[in-house]
Amino acid sequence: MDFDLGEEAAALRARLRTLIEAEIPGDFLGAFTDDPADLETTQRFCALLAREGLLTVAWPAEYGGAGGSVWDQTVVREEMWAHHEPRGPQYMGLNWVGPAIMAFGTDEQKRRHLPPIAEGSVIWCQGFSEPDAGSDLAALATRATPDGDGWRIRGQKIWTSYAGMARWCVLAGRVGPGERHEGITMFLVPMDAPGITVVPIDSMLGPHHLNEVFLDDVPVGPDAVLGEVGGGWAVIRRALAHERVGIARYARCERLLSLLADELRDAGTQLPEHLGVQWARALTQVRVARLLAYRAVLAQEAGGPPDAAASAARIAVTRCDQLVAELLFQVLGDRSLEAGPGAALAGAIEDHWRYAQAATVASGTLEVQQMIVAKDLLGRPG
Amino acid sequence: MNPVLPRDAVEFGETARMAFESVGGIQAARRAEADPTSRAEVSGLLTSLGIDDLDPRAEADTAAAAAVLCEEAGRVALSYPVAGAVLRTGGLPTALVPPHHLRVDHGDLFEAWHVCRPDGRASTARATGPALGTRLGPFVCDLDADDDLRPVDHADPADAELRNWWLTLSGWTILGALDRAVELATAHTRDRVQFGKPLTEFQTVRFQLADAAIAVAGLRELALFALWRLDVAPDRARPDVLALRSHALDVARFVLRATQQLHGASGLCDEVDISILVRHLQPALRLPAGAEDTAIELVAAIAADGFDGLFPHGRVA
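Residue positions are counted from 1 within each chain, in the order its sequence is given. As a convention, the first chain written is A and the first ligand written is 1, with the rest following in written order. Residue-level local features of this predicted model are given only where pLDDT is at least 70; pairs of side-chain atoms are given and counted only at 80 or more, and the full residue set underlies all totals for whole chains, interfaces and linings.

**Overview of the overall build of chain B**
Helix numbering and strand numbering both begin at the N terminus, where a helix is a DSSP run of H or I of at least 4 residues and a strand a DSSP run of E of at least 2. For chain B, the count of helices and strands is ten helices and eight strands. Only the C-alpha atoms count toward the radius of gyration. The rule for a globule is 2.2 Å times the residue count to the power 0.38. Computed over its C-alpha atoms, the radius of gyration of chain B comes to 19 Å, within 12% of the 20 Å expected for a compact globule of 317 residues. Overall, the C-alpha framework of chain B stretches about 65 × 50 × 35 Å when taken along its three principal axes. Counting other C-beta atoms within 10 Å of its own, a residue is labelled buried from 20 upward, exposed at 12 or fewer, and partly exposed in the gap between, with every C-beta atom placed from the backbone. Residues counted as buried form 53% of the 317 residues belonging to chain B. If you take every contact in chain B between residues at least 6 apart in sequence, the share linking residues at least 24 apart comes to 67%. Residues are scored as being in contact if the C-beta atoms we place from backbone atoms lie within 7 Å.

In structure tokens:
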């Protein structure tokens, strides 16, 4: 039995931390701020990671990757999220859009899309949710109608992260008379296609994050279909399983707990016993979340169905995110309401709390994950 | 990275499970409560399974076997102190006892014990009388020390190692019991029809089952992790061991309550297994310390030794 990720992973972690320390400002809180310089920081950093061969660590060499292990990929995810995702909106392209194109794409799609993703020079968004198809994604109503040898897409997407920044969208639409999972088809759609309108949604997550995307008879060619026509559900399942494992929220929790511990120690502040106890329990919960995430990675690596393990990990990780966010606010007291560079940890705790509220909704709600876990439990012989 | 038990340990666990089921599983715990002398049968069974050769301090494979034996014991509320029995000092079984009371589950099963208190003081002790015989502590006995407890400043480092192993193995026992509790609740809610359909057709029931199963899955990861840490970094594993113990107690509180609740009124009846499991697990959850005192102990351990484990970010304020 061995929990050690290995020397290569440890070296990779150290290398990433060195790069982040050198290149990312101490008060960086991600790309979704009012300061355009933050988006530029992510673009610069992605180009650097690409040059260093670190952007596509786990991609196969034939697609420009380093052929690293799933644990190398895990280390990258952890370090990036711990430091407020300095790849900005790139992580989605790297974590699942690229791998989905490798798995389901044509040779031409691979030639066209994989190099820019590997270089960190293109932003993708994900057009899944709709006003009437949130948790019940199979109820999506955006329709693709044959038009010549291509398609015209009509409908509306919502909660689309990065839509205002993205150059491409992986979009789920419905083809033909099928209902529910039948007929769902994935399209690779350029965001500058005629008929696309992006409307930002004000939210507690900060500017530009959530958007509505209106699709008014958007024309796309036959080469836009990813996988089989009508075979989109398989792509979605693969994508969501990747995304559920994909965000290493526990790593940011650990880092913030550690940074605040340092700050309190430097200030000579001793926590009251009840908060110290909560802190120790939070560290334990974070470890549990991390280990469950590793179990989901192992399940995927073994090639088994990842659904239940990924959902269990996601539930543990997102709940831990909120637990730590609340604990950090309890420690800060009235200072928790401050934001920006003058706030505790340059606003990182306030930012974390706001994002943590979304953790149990994004990429499939907590309740959907619970249903997946329960289904697996009840499916076992009793 | 290969966080799985050795195959031999897994197979040993399957053998132990069959052996425990062969004497009735949880039914044997009912028998023991009615007639405590029937625990001799369990003792013989454990001897045939090789319990005398399962000292976890010997090597990693033995530790894994001891852990799965404790887990299987937990699954059937085995009326025997398996964790203490595999940890021998001078031939005596080990028990961790509360700070002010030499109180041990199944304390009457052995003529004498090596008892350790949380502060490191230790001694040989013997049962002073019959077990409490209460519903929540049917086999709990009070002990008297042969001598004054060894003072803290003369604490034997070997006792620190014993305490870590005892806490870890008792964590595995709790894990087994909670895993079984989820199985029992799943089976009951699948079979029980109310309002014209099985209880598992209700979303709220599914949510509770899912949350209980995830809690147990997380505890299993922590139990494996503690076992591994005791192998690779025994001198720095105290926070990892206490984290397992603390988390096991927290998870037990939630999982036992949820799974018994899902049984409805039947879950309170001793003819239903969950009731026996919940009652007989109580000593393991209260001795040597309950959830809150254990969490306070964890804070101190983290302050002394950190909580990095593998991961270089864990600190406590």
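Now, onward.
**Overview of the interface of chain A and chain B**
Listed per partner, the contact involves 40 residues of chain A and 43 residues of chain B. Elements that contribute at least two residues to the side of chain A that touches chain B include exactly α7 (249-266), α8 (273-301), α9 (307-332) and α11 (366-379) of chain A. With 15 residues, the top contributor of residues to the side of chain A that touches chain B is α8(A). Each residue gets one label: Ala, Val, Leu, Ile, Met, Phe, Trp, Tyr, Cys and Pro are nonpolar, Asp, Glu, Lys and Arg are charged, and the others, such as Gly, are polar. Tallied by class, residues from the side of chain A that touches chain B come to 25 nonpolar, six polar and nine charged.

**Remarks on α7(A)**
Residue and element names in this part refer to chain A. Here a helix's expected span is defined as the number of its residues, less one, multiplied by 1.5 Å. Relative to the 26 Å expected for 18 residues at 1.5 Å per residue, α7 spans 26 Å between its end C-alpha atoms, a close match to the ideal helical length. When α7 is considered as a whole, its buried residues turn out to be R249, Y250, A251, R252, C253, E254, R255, L256, L257, S258, L260 and A261. Here the buried face of α7 lies against α3 (70-82), α8, α9 and α10 (348-359).

**A word on the environment of A:M204**
Residue and element names in this part refer to chain A. By the secondary structure assignment, M204 is in the loop between β6 (196-201) and β7 (210-220). For M204, a count of 11 C-beta atoms within 10 Å translates into the label exposed. It is 28 Å that separates the C-alpha atoms of M204 and R281, two residues lying 77 residues apart in sequence. In this structure, M204 is in contact with R354 and Q357, ignoring residues within four places of it in sequence.

**Looking at unusual backbone geometry**
A cis geometry characterises the amide bond from B:L287 onward to B:P288, with omega recorded as 5°. Summarising the element assignment, B:P288 is placed in the loop between α9 (273-286) and α10 (291-305). A positive phi angle, near 50°, is found at A:E85, a position not held by glycine. Inspection of the secondary structure puts A:E85 in the loop between α3 and α4 (90-104). Owing to 22 C-beta atoms within 10 Å, A:E85 belongs among the buried residues under this scheme. Here the phi dihedral of A:R180 falls at roughly 50°; this positive angle occurs in a residue that is not glycine. You can see A:R180 is positioned in the loop between β4 (168-174) and β5 (184-190). Classification of A:R180 by C-beta neighbours within 10 Å gives partly exposed; the count is 13.

**Considering the domain arrangement of chain A**
All names here are of chain A. Start and end positions for the domains come from either an automated domain assignment or a database one. The domains assigned to chain A are domain 1 (7-88), domain 2 (126-232) and domain 3 (247-379). Taking the mean C-alpha position of each, domain 1 and domain 3 sit 20 Å from one another. Taken together, the nine residues of domain 1 in the interface contact 13 residues of domain 3. Among the residues forming the side of domain 1 that touches domain 3, the class breakdown is four nonpolar, two polar and three charged.

**Overview of the domain arrangement of chain B**
All names here are of chain B. Per the domain assignment, the segments making up chain B are domain 1 (7-85), domain 2 (87-154) and domain 3 (157-305). Between domain 2 and domain 3, the residue contacts involve 16 residues of the former and 14 residues of the latter. At the level of elements, β2 (92-96) and β3 (103-105) are the ones that each hand at least two residues to the side of domain 2 that touches domain 3.

**Looking at the packing of helix α8 (residues 238-262) of chain B against α10(B)**
The description of two packed helices rests on the angle between their axes and on the distance between the axes. All names here are of chain B. In contact at an axis separation of 9 Å, α8 and α10 are set at 155° when each is read in the N-to-C sense. Comparing their axes, α10 and α8 come out roughly antiparallel. Two packed elements cross with a definite hand, and for α8 against α10 that hand is left-handed. Residue-level inspection shows R238, P239, L242, A243, R245, S246, L249, D250 and R253 of α8 in contact with α10, the latter providing A291, T294, A295, E297, L298, A301, I302 and D305. Residues belonging to the contact of α8 with α10 are distributed by class as follows: nine nonpolar, two polar and six charged. Fitted lines through C-alpha atoms give the axes, limited to the stretch in contact for helices. The angle between two N-to-C directions lies from 0 to 180 degrees. To sort the angles, those under 35 degrees are grouped as roughly parallel, those over 145 as roughly antiparallel, those from 65 to 115 as roughly perpendicular, and the leftovers as oblique. Note: crossing handedness is left-handed where the near helix turns anticlockwise from the far helix by less than a right angle, and right-handed where it turns clockwise.

**Description of the confidence of the model for chain B**
Detailed conclusions should not be drawn from predicted coordinates in areas where pLDDT is low. pLDDT gives the predictor's per-residue confidence on a scale running from 0 to 100. Overall, the predicted model of chain B reaches an average pLDDT of 94, with 95% of residues at or above 70. Below pLDDT 50 for its whole length, residues 313-317 of chain B participates in 30 contacts with residues either more than four positions away or in separate chains.

**Regarding the environment of A:A37**
Residue and element names in this part refer to chain A. Mapped onto the elements, A37 comes out in helix α2 (residues 36-51). By C-beta crowding, A37 is classed as exposed, having 9 other C-beta atoms within 10 Å. Along the sequence, A37 and L337 sit 300 residues apart, while their C-alpha atoms lie 24 Å from each other.

**Considering α8(A)**
Residues and elements named next belong to chain A. If you check α8, its first and last C-alpha atoms are 42 Å apart, about what 29 residues at 1.5 Å a residue would give, namely 42 Å. With 22 of 29 residues buried, α8 is to be regarded as a mostly interior element. Of the residues one or two after α8, G303 is the one with positive phi, at around 85°.

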